[in-house]
Amino acid sequence: MAALRVLLPSVRGLLRPWAGCSALRSFASGANFEYIITEKKGQSSNVGLIRLNRPKALNALCSGLMAELNQALEAFEGDPAMGAIVLTGGEKAFAAGADIKEMQNQTFQNCYSSRFLSHWDRVAHVKKPVIAAVNGYALGGGCELAMMCDIIYAGEKAQFGQPEILIGTIPGAGGTQRLTRAVGKSLAMEMILTGDRISAQEAKQAGLVSKVFPVETVVEEAIKCAEKIANNSKIVVAMAKESVNAAFEMTLTEGNKLEKKLFYSTFATDDQKEGMTAFVEKRKASFKDQ
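Just so it is clear, the model here is predicted, and its values are computed rather than measured.

Rules used throughout
Residues numbered from 1 in each chain as written. Predicted model: local features only at pLDDT ≥ 70, side-chain atom pairs only at ≥ 80, totals over all residues. Heavy atoms only, no water. Helix = DSSP H or I, 4+ residues; strand = E, 2+ residues; numbered from the N terminus. Buried < 20%, exposed > 50% of the residue type's maximum accessible area, 1.4 Å probe, protein only. Contact = heavy atoms within 4.5 Å. pLDDT = per-residue confidence, 0-100. Core = buried A, V, L, I, M, F, W, Y, C linked by side-chain atoms within 4.5 Å. Phe/Tyr/Trp six-rings, centres within 6.5 Å; stacked < 30°, edge-to-face > 60°. Pairing = 2+ DSSP bridges. Axes fitted to C-alpha atoms, helices over the stretch in contact; angles between N-to-C directions. Patch = residues over 30% accessible without salt bridge, like charges linked within 9 Å, V, L, I, M, F, W, Y side chains within 5 Å. Areas by Shrake-Rupley, 256 points an atom, 1.4 Å probe, with all protein chains shown as cover. Salt bridge = Lys/Arg side-chain N within 4 Å of Asp/Glu carboxyl O.

Student: Which parts of the structure should I look at to understand the environment of Leu73?
Tutor: Within the element layout of this structure, Leu73 appears in helix H2 (residues 63-78). Take Leu73: its relative accessible area is 2%, and that puts it in the buried class. Sequence separation between Leu73 and Lys128 is 55 residues, and the spatial gap between their C-alpha atoms is 9.5 Å. Beyond its immediate stretch of four places on either side in the chain, Leu73 contacts Ile50, Ile85, Arg122, Val123 and Val126.

Now the structure itself:
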């Protein structure tokens, strides 16, 4: 693997306290968001697009942004027309990290009693597949957010890192766990203990991302992938996602048992009958998500 890039001094600028993020708020259904933009994409409008939108703060993940992100995820999860979700940011930054201003005066007691950051992992629990389309910086909480997604597509100028060590703390939203599972102990340990970043190409070589695209096309490519997924049976896609995710939590024997149970379960669906019948009849399947 190519040598890691040395972390530039500018990382301290990326991690500086960002101002202007209001406290956690609730929104009525359909109301406009302040920190994200949501759209429906795809020829059948069956792909949900969520764009982080704090460009002046390089999409720093404040409480308000995370609350809006969770609400948008819940809305797309509950929409039967949605088959997959794409999460992206801007060309300069997917998300440059957490909002340090909100963290700097936290105490152990407050963190422990309030389960600080526990609401951040909603992305990891969505049943519908989530694709991260990453351009620019995905650092700290931004890298952790991308790793919570099921697939990561990267723009060719993307950079990934967990630089928390440089500000006197460690990753707190899954960075030590998900990064190690994705790239292995040695590279994860090096990135987390030094704060060094890796490029999109290095991330692909290490297995952190699946594909690298030009900056201007990565979101479009992620939507195309999401649309492919959304055109399959939604219930069977959810089963497949559950089975793959179980590989990170179970032994091989236990995982194989779960896979068999889910495989057998597909035969209780109308979509399995339709899919196999369409294959035999040499026609395109028409899934009804039943």
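Student: Honestly, the confidence of the model for the protein chain in this entry has me stumped. Any pointers?
Tutor: Where the model shows low pLDDT, its predicted coordinates should not be examined in detail. Mean pLDDT over the protein chain works out to 89, with 89% of the residues at or above the 70 mark. Taken as a whole, residues 1-19 scores under 50 in pLDDT and shows 53 contacts with residues more than four places along the chain or in a different chain. Across residues 23-30, confidence stays below pLDDT 50; counting only partners more than four residues off in sequence or on other chains, it has 13 contacts.

Student: Got a minute to help me understand the environment of Gly64 in this structure?
Tutor: Looking at the secondary structure, you find Gly64 in helix H2. Sequence spacing of Gly64 and Glu34 is 30 residues, and the spatial spacing of their C-alpha atoms is 8.4 Å.

Student: Sorry, what's going on with the environment of Val183 here?
Tutor: Locating Val183 in the fold gives a position in helix H6 (residues 175-183). We classify Val183 as buried; its relative accessible area is 15%. Between the C-alpha atom of Val183 and that of Ala206, which follows or precedes it by 23 residues, the distance is 5.2 Å.

Student: Whenever I open this one, the nonpolar core confuses me. Can you help?
Tutor: Nonpolar side chains tend to gather and get buried jointly when the protein is soluble and globular. Counting residues in hydrophobic clusters, the biggest one holds 49 residues, and the most contacted among them are Phe160 and Leu208. It is H2 that provides the largest number of residues to this core, a total of 6 residues. Within the second largest apolar cluster, 17 residues are counted, among which are Ala133, Tyr153, Val218 and Val237.

Student: I keep staring at the packing of aromatic side chains and nothing clicks. Help me out?
Tutor: For any pair of aromatic rings, geometry is given as the distance between the ring centres together with the angle between the planes. What the rule picks out here adds up to 4 aromatic pairs. With a centroid separation of 5.1 Å and an interplanar angle of 55 degrees, the aromatic rings of Tyr153 and Phe213 are classed as tilted. One end of the pair, Tyr153, is in strand E7 (residues 151-155); the other, Phe213, is in strand E10 (residues 211-213), with 60 residues separating them in the sequence. Phe213 carries the same exposure label as Tyr153, and that label is buried. Between Phe263 and Phe267 the ring centres are 5.2 Å apart and the planes differ by 85 degrees, which places this aromatic pair in the edge-to-face class.

Student: Explain unusual backbone geometry to me, please; I cannot follow it from the model alone.
Tutor: Excluding glycine, a negative phi dihedral is what most residues carry, and trans is how most peptide bonds are arranged. Positive phi, close to 55 degrees, is recorded for Leu58, a residue that is not glycine. Positionally, Leu58 belongs in the loop between strand E2 (47-52) and H2. The phi dihedral of Asp289 is positive, around 60 degrees, even though this residue is not glycine. Its place among the elements puts Asp289 in the segment after helix H12 (270-280). By relative accessible area, which is 29% here, Asp289 ends up partly exposed.

Student: Can you help me understand the sheet that holds strand E4 (residues 93-95) in this one?
Tutor: Working definition: the strands of a sheet are paired by backbone hydrogen bonds and lie parallel or antiparallel to each other. The 4 strands lie next to each other as E4-E6-E8-E9, forming an open sheet whose pairing is mixed. This sheet does not close on itself; its edge strands, each paired only once, are E4 and strand E9 (197-199). Taken pair by pair, the neighbouring strands of this sheet meet at an average axis angle of 20 degrees, ignoring direction. Relative to strand E8 (residues 159-161), strand E6 (residues 137-139) runs parallel, the two sharing 3 bridges. When the sheet's bridge partners are listed, Ala138 is paired in E8 with Phe160. Relative to the sheet, helix H5 (residues 141-148) contacts E4, E6 and E8, its axis offset from that of E6 by approximately 90 degrees.

Student: Please clarify how the sheet that holds E10 should be interpreted in this entry.
Tutor: Taking strand neighbours across the sheet as the criterion, the 6 strands line up as E1-E2-E3-E5-E7-E10 in an open arrangement whose pairing is mixed. A strand with exactly one partner marks an edge of an open sheet, and here the two such strands are strand E1 (36-41) and E10. Averaged over all pairs of adjacent strands, the angle between strand axes in this sheet comes to 20 degrees, irrespective of strand direction. The pairing of E7 with E10 spans 3 bridges and is parallel. From the neighbouring strand, Ala154 faces E10, where its bridge partner is Val212. The strands touched by H2 are E1, E2 and strand E3 (84-88); relative to E1, the strand with the most contacts, the crossing angle is about 20 degrees.

Student: How do you make sense of a nonpolar patch on the surface when you look at a structure like this?
Tutor: A grouping of Phe263, Tyr264, Phe267 and Met276 is seen on the molecular surface, where their side chains present a nonpolar patch of about 430 Å² in accessible area. Within the secondary structure, Met276 is located in helix H12.

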